[in-house]
Every structure is written in C-alpha cells, then in structure tokens.
Amino acid sequence: MIEIKLVGITEIEEKHYLEYMDAWKRNNETLSPSISELNEMSFTAWKKYLISLQDNETKPQDMVKAETLFLVEENGYIIGMTNLRYDLTPDLLKYGGHLSFGIRPEERGKGYGFIIVKLSLNVIMTHGIPRALITSKRENKAARNTIRKIGGKLENSYEQDGSVIDRYWIEL
C-alpha cells in the first residue's frame, strides 16, 4: 500500500512540483488552487512567498495568513494541493473561503479529494476555527460532491462571470 501524507512547501522538491504543474497543463486546465501558479516566479521565489504567507509579520498587508499544503506519496509525487486561509476578508467570504483544493488530473476519481479536504479541515480546526467555508463553481460536480460528503451545508449561491458559485459551511 502506498503511504500518503499532507506536507508543507518546505518538503516539496522543485522537480516534483514542475511535474505536477505539467500534468495540469497537459490536461489544458488552470491550476487549482490559484496560488499554485508560479506567475513568472522561480520555484525558489514562489516557495519563499508561500512561506511568508504563514506568518502575520511577513505576509503582504493585503493578504490573510495562509498555508499551502500538498498531498504526496512517500516518493514525493504530488497528488494534490490545498490552500488554507486562517481568516476571511469580505472577498474570501464571498468566494474562496477557508480552503481551496485541487487534485492532479490523472488522480481524480480515486477519493483523494475527500482525503485532502478532510486533512485540511483537521488543520484548520487546530487554528481555532469552529466552522469552515468552502466555495465551488456549481459545474465542478466532483468538488461539490466532496464538500457534501464531508458534511458541507449549502448556505447560498450567486452568479459571477457566467458561473454559479455555491457557498458551503462545514462544522468542525
């Protein structure tokens, strides 16, 4: 049996991350969560940026304290990513919530979405957050099913840029 675990950015090797990014590109998909994009940064600069977001003293003024974690196999192969936000701005309260996640295209349909969200919620709970908000575009049936399976209760929905956004709360 393959062992998988949730790890921080300091445990991710560049080659594994670039392979992960390539898997999304080969599938003609935008990386999720959006913080996954290097956006013209080197891997080293991106890694430093993600580390800076973990501390209120080093994060940019307009950002909330956040942590990016990776669901990996013991050999470093990245299955998925999650971005955890420990506070909500008015924008995050509307879209984004406490966590965003994405699963490598070829690993979907294997239950990894449920695993990464469950592990992420455990981390969020340790930060004293009693309930977590997760938003999803309605057309993302897999994300919607994962959120519901984990106990997400639909609060409301709204339209944005031609998509319906569903807002779910999960009691921790």
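Here the structure is shown first, and the text comes after it.
From a predicted model like this one, the values you see are computed outputs, not experimental measurements.

**Q** Any chance you could break down the layout of surface pockets for me, citing the residues and the numbers?
**A** Considering only enclosed or pocket space, the largest pocket measures out at about 1,100 Å³ in volume. For the largest pocket, the lining is made up of 42 residues, of which Ser 32, Pro 33, Ser 100, Phe 101 and Gly 102 are closest to its centre. Within the residue set of the lining of the largest pocket, elements represented by two or more residues are β3 (78–85), β4 (99–103), α4 (112–125), β5 (131–137) and α5 (141–149). Residue composition of the lining of the largest pocket, grouped by class: 18 nonpolar, 16 polar and 8 charged.

**Q** Provide a residue-level description of helix α2 (residues 43–52), including the pertinent values.
**A** Turning to α2, its buried residues number three or more, namely Phe 43, Trp 46, Leu 50 and Ser 52. Buried-residue contacts for α2 involve α1 (14–26), β2 (66–73) and β3.

**Q** Help me get a handle on the environment of Glu 29, residues and values and all.
**A** With respect to the helices, strands and loops of the structure, Glu 29 is situated in the loop between α1 and α2. Expressed as a C-alpha distance, the spacing of Glu 29 and Ser 157, which sit 128 residues apart in the sequence, is 24 Å. With residues near it in sequence (within four places) discarded, Glu 29 still touches Trp 24, Pro 105 and Arg 108.

**Q** So, the sheet that holds strand β6 (residues 153–160): which residues are in play, and what are the values?
**A** Sheet strands line up and pair through hydrogen bonds in the backbone, either parallel or antiparallel. As summarised here, the arrangement of the 3 strands in space is β5-β7-β6, forming an open sheet in which the pairing is antiparallel. The sheet terminates laterally at β5 and β6, the two strands that pair on one side only. Across the sheet, the mean angle from the axis of one strand to that of its neighbour is 20 degrees, orientation sign disregarded. One ladder, built from 7 bridges, connects β5 with strand β7 (residues 163–171); its direction is antiparallel.

**Q** Go over the packing of aromatic side chains with me, naming the residues and quoting the values.
**A** Two descriptors summarise a pair of aromatic rings, namely the distance from one centre to the other and the angle between the planes of the rings. This structure, assessed with the given rule, holds 6 aromatic pairs. Pairing Phe 43 with Trp 46 gives two aromatic rings, centres 5.8 Å apart and planes at 45 degrees, and the pair type is tilted. Taken together, the positions of Phe 43 and Trp 46, both in helix α2 and 3 residues apart, correspond to about one turn of that helix. By relative accessible area, Phe 43 is classed as buried at 6%. Judged by its relative accessible area of 0%, Trp 46 falls in the buried class. Grouped by ring-pair contacts, the aromatic residues Tyr 17, Tyr 20, Trp 24, Phe 43, Trp 46 and Phe 70 constitute a single cluster. The ring centre of Trp 24 lies 4.9 Å from the NZ or CZ of Arg 108, which sits over that ring. The ring of Phe 114 carries Lys 149 above its face, with NZ or CZ at 4.9 Å from the centroid.

**Q** Explain α1 to me, using residue names and the numbers behind them.
**A** Given 3.6 residues per helical turn, the α-helix brings residues three or four places apart onto the same face. The terminal C-alpha atoms of α1, which comprises 13 residues, lie 18 Å apart, in line with the 18 Å expected from a rise of 1.5 Å per residue. Taken together, the buried positions of α1 are occupied by His 16, Tyr 17, Tyr 20, Met 21, Ala 23 and Trp 24. Seen end-on, α1 carries its buried residues on one side only, within an arc spanning 150 degrees. Structural note: α1 exposes Lys 15 and Arg 26 on the side pointing more than 90 degrees away from its buried face. Just beyond α1, the residue with positive phi is Asn 28, at close to 55 degrees.

Cut-offs applied
- Residues numbered from 1 in each chain as written.
- Predicted model: local features only at pLDDT ≥ 70, side-chain atom pairs only at ≥ 80, totals over all residues.
- Heavy atoms only, no water.
- 1 Å grid on protein atoms, 1.4 Å probe; cavity = no way out; pocket = protein on both sides within 12 Å on 5 of 7 lines; lining within 4 Å.
- Points joined across faces, edges and corners; volume = space filled by probe spheres on them.
- Helix = DSSP H or I, 4+ residues; strand = E, 2+ residues; numbered from the N terminus.
- Nonpolar A, V, L, I, M, F, W, Y, C, P; charged D, E, K, R; others polar.
- Buried < 20%, exposed > 50% of the residue type's maximum accessible area, 1.4 Å probe, protein only.
- Contact = heavy atoms within 4.5 Å.
- Pairing = 2+ DSSP bridges.
- Axes fitted to C-alpha atoms, helices over the stretch in contact; angles between N-to-C directions.
- Phe/Tyr/Trp six-rings, centres within 6.5 Å; stacked < 30°, edge-to-face > 60°.
- Lys NZ or Arg CZ within 6 Å of the ring centre and 35° of its normal.
- Expected span 1.5 Å × (residues − 1).
- Arc of directions from axis to C-beta.

The values are spatial; any link to function lies outside them.
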